[in-house]
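Remarks on the overall topology
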Amino acid sequence: MSNPPPQTLTLIRPDDWHLHLRDGATLGAVVKDTARQFQRAIVMPNLRPPVTTTEQALEYRERILDAVGAAGLPGDAFTPLMTLYLTDNTAADEIRMAHGTGVIHAVKLYPAGATTNSDAGVTDLLGRCTGALEALQEVGMPLLVHGEVTDPEVDLFDREAVFIERVMIPLRAQFPELKVVFEHLTTKEGVDYVSEAEGPIAATITAHHLLYNRSAIFQGGLRPHWYCLPVLKRERHRLALLDAATGGSPRFFLGTDSAPHARGLKEHACGCAGCYTALHAMELYATAFDQAGRLDRLEAFASVNGPAFYGLPVNTGTLTLKREPFRIPDVLPMGTDSLVPLAAGETLAWSVQQS
Ligand code: NCD
Ligand code: ZN
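A short tour of the structure in this document, coming up. What you are looking at is a predicted structure, and each value in this text was computed from that prediction instead of being measured.

Points about the site of ligand 1
Lining the immediate environment of ligand 1, one finds 15 residues, of which Arg22, Thr115, Leu229, Asp257 and His261 sit closest. Within the side chain of His20, an N or O atom sits 3.1 Å from an oxygen atom of ligand 1. Here an oxygen atom of ligand 1 and a side-chain polar atom of Thr115 are 2.7 Å apart. Within the complex, the protein chains bury 100% of what would otherwise be the 310 Å² of accessible surface of ligand 1.

Printed below as a string of structure tokens:
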């Protein structure tokens, strides 16, 4: 006789290893959603202008902590883990200074033009950034990689696979001790590469890439709230990601890539890329792991593998999920704008217990 399915699931408090919090009124509106579920988050630096210096990252950190306080949460409710945005001009000393603060934990590589707010990104990684890469390797700070080529000749759906050949393999051959996180992995090629490669490599996986394939963008009409970068892929890629996330390898961990955009900029003739999932992140991940029959693997993915790769302790608190329906709101307030969460109006089988 098989055991009855679990009705509750208590995990070591999870962390989000890839998050967009933005700034100003948007930050003020969204930070509580993440803090309600996660103890820590790696905060992406793609603001306008981007966070390229230690000083800017420390100031941004203060604004995040102020927003946490303004949302009525205790100061220790949420720890932002800051990042720098790599440019062609990032100096090795800037990396060492960032590392010395103890609150900046990674550097983000955006190939120039690859995604939202990436105009200041890197044009030639191995030509222009070797000093910064050497410093990263030396201090042991991870390089977080948006792994898509920007070559317009390469089909949008192939950009991750081509990036592995053109950038990832040469980068890691030249810097074999560099810690690399392949961010928001979306393809079977990516899963195979991260699973088999030598040396310190890991990958984050979003909830939406575990739950949906590219048909979701077009189901019943064009649905802009399912549009993100890297774009959703075919079903066989989703299944490979689900296998990776639930398969027990410590190289895969949680990163929501929750990316808030005002409703009007998503529902637009040239809509922005990014899905808002911070509100219901753990509900979404629990649904995906439950569908795979592997709820027992959620804690390692959400709470253990990430800290291990970053060299940080696991959290001391817990988070409890219950098998109770969670109806995703149609729309959320965001300053003077509004924000549509992913899968708005749908109901998930799992709810985070309110504490
Ligand atoms: C992100 C954003 O909006 O900042 N968008 C997205 O589709 N994921 C940028 C990114 O992570 O690529
Ligand atoms: Zn992102």
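Observations regarding the environment of Arg297
Summarising the element assignment, Arg297 is placed in the loop between helix H11 (281-291) and helix H12 (298-310). Taking the relative accessible area as the measure of exposure, Arg297 reaches 27% and is therefore partly exposed. For the pair Arg297 and His268, spaced 29 residues apart in the sequence, the C-alpha separation amounts to 39 Å. Not counting residues up to four positions away in its chain, the partners in contact with Arg297 are Thr246, Gly247, Gly248 and Phe289.

Structural notes on the packing of helix H6 (residues 159-174) against helix H7 (residues 188-196)
At their nearest, the axes of H6 and H7 sit 9 Å apart, and the two run at 20° to each other. Here H6 is positioned roughly parallel relative to H7, judged by the angle of their axes. With respect to the hand of their crossing, H6 and H7 are arranged in right-handed fashion. Two secondary-structure elements touch here, H6 through Glu160, Ala161, Ile164, Met168, Ile169 and Arg172 and H7 through Glu189, Gly190 and Tyr193. Grouping the constituent residues of the contact of H6 with H7 by class yields 5 nonpolar, 1 polar and 3 charged.

Re the coordination of the zinc ion (ligand 2)
Protein ligation of the zinc ion (ligand 2) involves His18 (NE2), His20 (NE2) and Asp257 (OD), the donor distances falling in the range 2.0 to 2.1 Å. Of note is the zinc ion (ligand 2), whose 4 donor atoms meet at the metal with angles of 92 to 138° in an arrangement that counts as irregular. Sequence spacing of the donor residues for the zinc ion (ligand 2), all on one chain, is H-x1-H-x236-D. No difference in accessibility class separates His18 from His20, as the two residues are buried.

Digging into the sheet that holds strand E1 (residues 8-12)
Across the sheet, which stays open at both edges, the 3 strands sit in the order E1-E10-E15 with antiparallel pairing between neighbours. Whereas interior strands pair on both sides, the edge strands pair on one side only; in this sheet they are E1 and strand E15 (351-352). With 2 bridges connecting them, strand E10 (residues 318-322) and E15 associate as antiparallel partners. Looking across to E15, one finds that Lys322 is bridged to Ser351. Across the face of the sheet, H11 comes into contact with E1, E10 and E15 while running at roughly 60° to E10. The sheet strands contacting H12 are E1 and E10, and the helix crosses E1 at an angle near 25°.

With respect to helix H5 (residues 130-139)
Restricting attention to buried positions, one finds in H5 the residues Ala132, Leu133, Ala135 and Leu136. Buried residues in H5, looked at end-on, bunch into an arc of 160°, giving them a common side. Where H5 is buried, its residues meet helix H3 (92-101), strand E5 (104-109), helix H4 (125-128), strand E6 (143-145) and H6. Where H5 ends, the next residue or the one after it, Gly140, has phi of about 80°, a positive value.

Things to note about the pairing of E10
Each regular strand shows side chains that alternate between the opposite faces of the sheet. Taken together, the 5 bridges between E1 and E10 define a ladder with antiparallel strand orientation. In the strand pairing of E10, Leu11 is matched with Leu319.

Scoring rules and cut-offs
Residues numbered from 1 in each chain as written. Chains lettered and ligands numbered in written order. Predicted model: local features only at pLDDT ≥ 70, side-chain atom pairs only at ≥ 80, totals over all residues. Heavy atoms only, no water. Near = heavy atom within 4 Å. Polar contact = N/O pair within 3.5 Å; in protein donor to acceptor, adjacent residues only side chain to side chain. Areas by Shrake-Rupley, 256 points an atom, 1.4 Å probe, with all protein chains shown as cover. Helix = DSSP H or I, 4+ residues; strand = E, 2+ residues; numbered from the N terminus. Buried < 20%, exposed > 50% of the residue type's maximum accessible area, 1.4 Å probe, protein only. Contact = heavy atoms within 4.5 Å. Axes fitted to C-alpha atoms, helices over the stretch in contact; angles between N-to-C directions. Parallel < 35°, antiparallel > 145°, perpendicular 65-115°, else oblique. Left-handed = near helix turned anticlockwise from the far one by under 90°. Nonpolar A, V, L, I, M, F, W, Y, C, P; charged D, E, K, R; others polar. Donors = N, O, S within 2.8 Å, 3.2 Å for Na, K, Ca; no water. Tetrahedral: all angles 85-135°; square planar, octahedral: opposite > 155°, others 65-115°. Pairing = 2+ DSSP bridges. Arc of directions from axis to C-beta.

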